[in-house]
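Spelled out from the first residue to the last, the chains are:
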4 protein chains.
Amino acid sequence: MKSIAVLFHSGFGHTTNVAQAVVDGIGAVADVTSSLVEIDADGELSEEQWAELDAAAAIVFGSPTYMGMASWQFKKVADASSKRWFTQEWKNKLAAGFTNSATMNGDKHSTLHYFMTLAMQHSMLWVGSGLMPANSKAATRDDINYVGSFSGLMTTSPSDAGVDEAPPKGDIETAKLFGQRVAEVTRDLFK
Amino acid sequence: MKSIAVLFHSGFGHTTNVAQAVVDGIGAVADVTSSLVEIDADGELSEEQWAELDAAAAIVFGSPTYMGMASWQFKKVADASSKRWFTQEWKNKLAAGFTNSATMNGDKHSTLHYFMTLAMQHSMLWVGSGLMPANSKAATRDDINYVGSFSGLMTTSPSDAGVDEAPPKGDIETAKLFGQRVAEVTRDLFK
Amino acid sequence: MKSIAVLFHSGFGHTTNVAQAVVDGIGAVADVTSSLVEIDADGELSEEQWAELDAAAAIVFGSPTYMGMASWQFKKVADASSKRWFTQEWKNKLAAGFTNSATMNGDKHSTLHYFMTLAMQHSMLWVGSGLMPANSKAATRDDINYVGSFSGLMTTSPSDAGVDEAPPKGDIETAKLFGQRVAEVTRDLFK
Amino acid sequence: MKSIAVLFHSGFGHTTNVAQAVVDGIGAVADVTSSLVEIDADGELSEEQWAELDAAAAIVFGSPTYMGMASWQFKKVADASSKRWFTQEWKNKLAAGFTNSATMNGDKHSTLHYFMTLAMQHSMLWVGSGLMPANSKAATRDDINYVGSFSGLMTTSPSDAGVDEAPPKGDIETAKLFGQRVAEVTRDLFK
């Protein structure tokens, strides 16, 4: 059984909703397990959480996009991962990423490409969303990948939406399919 | 009178619509003129068009986002601009950029950041959209900056929408405000 | 036997040197073959070349960095690959990338991240250099990964160096190790 | 008299050396003043420091590149700047940026482009290095802009170099010219 660690920070809970949906999607795939590794408000992880990352076959990075980039709490963990970088301990793990913000675009690409840069420094492999976008005239906000990302998963939660109402169901369904995609690649990688 | 050159390529006409709206927005500002400098289907400009760029106080770069980046025709002009780069002929001109694609996100950030990279190689100054996004629950597709970009202008035209119906009016209005922003900064810069 | 296609454009021959070294590195790995798929000066590939890409288990993208991005010839092929994108024909292939330019930094990161964006649109997996940088006081220009890239391979050829003298031997050795890295991951992927 | 605030974080002191050289370069330009606004080890600024940023005509962002991006301490300040973002308080200020890391490339472009993204969210204008690179065969490590950046200033300090010996003198001279460039544009902008 291969394990996938979903390493994420959430400021207000919307990103937690996405992380949970990703885990739900992973759950649909046999021979793969998953766990939520949540970064706290001070940007810290416990030793047990670091151990979960070390043991995982794949790590999914998740964070809100704040001011055009992953939150400082996520970055604090990324900086602390330099210890693993020196020894290239995460080499050949699979990596993927997701981000949530209030604005449709809102520089979410910037956060996902940072996750890719981080993964490459760790010599991990990167897998994206694997999903085509909904971009015709008939497309609606509830469609799969309406937000329209390839490098990873992007979800959009309106600035005044509570954690019980955002991101919308289409984005949550997209998150599940993204989790499934990551799980399938994890399962089949270096088999 | 300072002049602004809108240097753009359009594959099917949607980006032309945006370029025209940018020019309309520039037209609302006194003491600034503008011109459309359209790149042809072979990625070429005439000598007269190059001269317009050389004479302009500001150059606005525009292109569809195809496969995650400006079109090859735009890039051909960028490559040909290396002649100006060697002599830093465009140093201290203002630069800005816009892009249109079918998908809400669709890696449009990638195109705008390339435009920024190009501008920086030419030692130009960069100005973004200067527009806050429409990102509340009440926001609609017709609002100003609903697509939600800061680094420049992003518009979204559905994949099956004709040039007479896309991008939608909210994006066109956003393009006008973007043109106005660029014109105001051009007028007041290095006064 | 899995095959790796090295899809590249070279303006003056320096990038061809790198492509050849990547192929040499691939040659050191058993159970993997490779081929050079060179884009011509008009940005065109023959039908046979497209077929080689379609048949490959992995595609390595290579281009000089001109004005902060892959050459327009490379971009023309990327744009033409939209036909494969619609059908997601390259889904689950491995992707990697390299770039050469005259300047140590010179926005080479921009080219590699574009290659990553392109690969993600095709739902490919991405593998980087897997190489630690030479960055101590004792490091020399001839060391492995002195240019210092993770997301892919970067080489630097002085602006006035002929194709028989650049990139320098350290970069060529780095290119071989990069080729070997890509070959090993290709061999072991989805085994 | 226009003022320029150099907002920076330094982990070990090398980035402080660069910040000081930038300030020295600013000092060579008449009618412009400058101040160092250093972010502390907890990612905090005092109220007086925030007031300095608010009062400045230009803000220069500076940070080491750690794990492919600005340090978490810098990001914490960027996140806290969302209060200014809501009111667009920094609109039309000039922005520029610099970064230092151990590796020649080492994803420093990623940090500078994040600084650009941040500046664009604040509706600031961006100015780059304005310096051509030293990239011929005769170029040496002590030349101006040998590291070779356009979007902002990049310096490289070997991983085992003390703060009294790095970055090398060529990079320090480049930092002074960069400071001078930012000062000249600040002085002449919106005159």
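Above: the structure in question.
My aim in this report is to walk through the structure given alongside it, one point at a time. Treat the numbers as computed from the prediction; the structure is a model and nothing was measured.

Calculation rules
Residues numbered from 1 in each chain as written. Chains lettered and ligands numbered in written order. Predicted model: local features only at pLDDT ≥ 70, side-chain atom pairs only at ≥ 80, totals over all residues. Heavy atoms only, no water. Contact = heavy atoms within 4.5 Å. Buried area = accessible area lost by both parts, 1.4 Å probe. Salt bridge = Lys/Arg side-chain N within 4 Å of Asp/Glu carboxyl O. Polar contact = N/O pair within 3.5 Å; in protein donor to acceptor, adjacent residues only side chain to side chain. Helix = DSSP H or I, 4+ residues; strand = E, 2+ residues; numbered from the N terminus. Nonpolar A, V, L, I, M, F, W, Y, C, P; charged D, E, K, R; others polar. Pairing = 2+ DSSP bridges. Expected span 1.5 Å × (residues − 1). Buried < 20%, exposed > 50% of the residue type's maximum accessible area, 1.4 Å probe, protein only. Least-squares fit on C-alpha atoms with pLDDT ≥ 70 in both. Axes fitted to C-alpha atoms, helices over the stretch in contact; angles between N-to-C directions. Parallel < 35°, antiparallel > 145°, perpendicular 65-115°, else oblique. Right-handed = clockwise from strand over helix to strand, strands pointing away.

A word on the interface of chain C and chain A
When the parts come together, some accessible area is lost, and that loss is often what is quoted as the size of the interface.
Part 1 of the argument: With 29 residues of chain C at the contact, the number on the chain A side is 29 residues.
Part 2 of the argument: A buried area of about 2,300 Å², summed over both sides, lies between chain C and chain A, and 65% of it is on carbon and sulfur atoms.
Part 3 of the argument: Summed over the three residues of chain C that lose the most area to chain A, namely M120(C), M132(C) and F150(C), the buried surface amounts to 23% of that side.
Part 4 of the argument: Here chain C is connected to chain A by zero salt bridges.
Part 5 of the argument: There are ten residue pairs in polar contact (both at pLDDT 80 or more) connecting chain C and chain A.
Part 6 of the argument: It is helix α5 (residues 108-121) of chain C that provides the largest number of residues to the side of chain C that touches chain A, a total of six residues.
Part 7 of the argument: For the side of chain C that touches chain A, the per-class residue count stands at 15 nonpolar, ten polar and four charged.
Part 8 of the argument: Of the pairings in the sheet, the one linking strand β6 (residues 125-127) of chain A to strand β6 (residues 125-127) of chain C comprises three bridges and is antiparallel in character.

So, helix α6 (residues 169-188) of chain C
Residue and element names in this part refer to chain C.
Part 1 of the argument: The first and last C-alpha atoms of α6 sit 29 Å apart over 20 residues, in line with the 28 Å expected at 1.5 Å per residue.
Part 2 of the argument: Taken together, the buried positions of α6 are occupied by G170, D171, T174, A175, F178, G179, R181, V182, A183, V185, T186 and D188.
Part 3 of the argument: Positive phi appears at F190, one or two residues downstream of α6, with a value of about 50 degrees.

Observations regarding the relation of the copies chain D and chain B
Part 1 of the argument: Note on the identical chains: chain D maps onto chain B by a rotation of 180 degrees and an axial translation of 0.0 Å, with an RMSD of 0.0 Å. Both chain copies can therefore be described as sitting about a two-fold axis.
Part 2 of the argument: Most of the interface of chain D is mirrored in chain B: 100% of its interface residues are interface residues there too.

Quick notes on the packing of helix α5 (residues 108-121) of chain B against helix α5 (residues 108-121) of chain D
Part 1 of the argument: Across the interface, α5(B) lies against α5(D) with an axial gap of 12 Å and an inter-helix angle of 105 degrees. When the axes of α5(B) and α5(D) are compared, the pair comes out roughly perpendicular. Every residue of α5(D) that contacts α5(B) at H109(B), H113(B), M116(B), T117(B) and M120(B) is listed here: H109(D), H113(D), M116(D), T117(D) and M120(D).
Part 2 of the argument: Considering only residue class, the contact of α5(B) with α5(D) consists of four nonpolar, six polar and no charged.

Some words on the relation of the copies chain C and chain A
Part 1 of the argument: With an RMSD of 0.0 Å, chain C superimposes on chain A once it is rotated by 180 degrees and translated 0.0 Å along the axis.
Part 2 of the argument: A share of 100% of interface residues in chain C that are also interface residues in chain A marks the association as one of identical surfaces.

With respect to the pairing of strand β5 (residues 94-101) of chain C
Regular strands place side chains that alternate from one sheet face to the opposite one.
Residue and element names in this part refer to chain C.
Part 1 of the argument: In terms of residue burial, β5 counts as a mostly covered element, since eight of its eight residues are buried.
Part 2 of the argument: Where burial is concerned, the two faces of β5 agree: the one with L94, A96, F98 and N100 and the one with A95, G97, T99 and S101 are both buried.
Part 3 of the argument: By the bridge criterion, seven bridges tie strand β3 (residues 58-66) to β5 in an arrangement that is parallel. Note that in β5 the partner of A58 across the bridge is L94.
Part 4 of the argument: In this fold, the crossover linking β5 to β6 by way of α5 has right-handed handedness.
Part 5 of the argument: With four bridges joining them, β5 and strand β7 (residues 153-156) adopt parallel strand pairing. Residue pairing in the sheet places S101 in a bridge with T156 of β7.

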